[in-house]
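# What the coordinates show
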Amino acid sequence: MNQHRSSVITENRKAIFDYEIIEEFEAGIIVSGSETKSVRLGQVNLKWSYITTHSGRPILVGCHISEYKNTTGKVSDPKRERTILLSKKEILRLDQKIKENGATIVPISIYTKGNLFKIRIALAKWRKRWEKKQVL
């Protein structure tokens, strides 16, 4: 029996503090070549990143993945936009919730599940200053 082990690589604590989480989703994330090794080493920063949709596809914007120092191939932009993998049903549902509630989609964490990278994303609403104080 093959069990999938998962371990958290990075968390977006800023998003958890700044936003009220309404609903969470698990999604895949596409990383290329040398980015894979950087992610495994934990050289990822989700602070100030968010997820938007371009022509029906969810895109991670503002995530910084440092370049792997021992790479010999083409070096990609550390802040480039990355595709998020969700089912069409989930994408339509998220779009509907955003239009209804004025919410946004933020990444919460990146982790491994087996040998795949997964990203935990959340439908969230911005907290007011006094709500943040109550959280503290």
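See the structure above.
Quick look at the structure, then. (Residues numbered from 1 in each chain as written. Predicted model: local features only at pLDDT ≥ 70, side-chain atom pairs only at ≥ 80, totals over all residues. Heavy atoms only, no water.)

We now examine the overall build of the chain. Within the chain, the secondary structure is distributed over four helices and nine strands. Reading the chain from its N end, one meets helices and strands in the order β-α-β-α-β-β-β-β-β-α-β-β-α. Taken over 136 residues, the chain has a buried fraction of 38%. Taking as baseline every contact in the chain between residues at least 6 positions apart, the subset at least 24 positions apart corresponds to 69%. Taken as a whole, the chain presents about 8,800 Å² of accessible surface, with 49% of it coming from carbon and sulfur. (Helix = DSSP H or I, 4+ residues; strand = E, 2+ residues; numbered from the N terminus. Buried < 20%, exposed > 50% of the residue type's maximum accessible area, 1.4 Å probe, protein only. Contact = heavy atoms within 4.5 Å. Areas by Shrake-Rupley, 256 points an atom, 1.4 Å probe, with all protein chains shown as cover.)

Turning to helix 3 (residues 88-101), a few remarks are in order. Between its first and last C-alpha, helix 3 extends 20 Å over 14 residues, near the 20 Å set by a 1.5 Å rise per residue. G102 sits one or two residues past helix 3 and shows a positive phi near 70°. (Expected span 1.5 Å × (residues − 1).)

Listing the buried residues of helix 2 (residues 33-40) in full gives S34, E35, S38 and V39. Take helix 2 and look down its axis: the buried residues cluster within an arc of 145°, on one side only. On its buried face, helix 2 is in contact with strand 1 (6-11), strand 3 (44-45), strand 6 (64-65), strand 7 (82-85), strand 8 (104-113) and strand 9 (116-126). Backbone geometry just after helix 2 places G42 at a positive phi near 80°. (Arc of directions from axis to C-beta.)

The next thing to look at is the nonpolar core. Counting residues in each nonpolar core, the largest one holds 23 residues, and the members touching the most others are V39, I110, I119 and I121. Looking at this core, the elements with two or more residues in it are strand 2 (19-29), helix 3, strand 8 and strand 9. No other element matches the four residues that strand 9 contributes to this core. Those residues in contact with I119 that sit more than four places away from it in its chain are F25, E26, A27, G28, I29, L60, I84, P107, S109, I110 and Y111. In terms of nonpolar packing, the next biggest core, distinct from the first, is built from six residues, A15, Y19, V106 and A122 among them. (Core = buried A, V, L, I, M, F, W, Y, C linked by side-chain atoms within 4.5 Å.)

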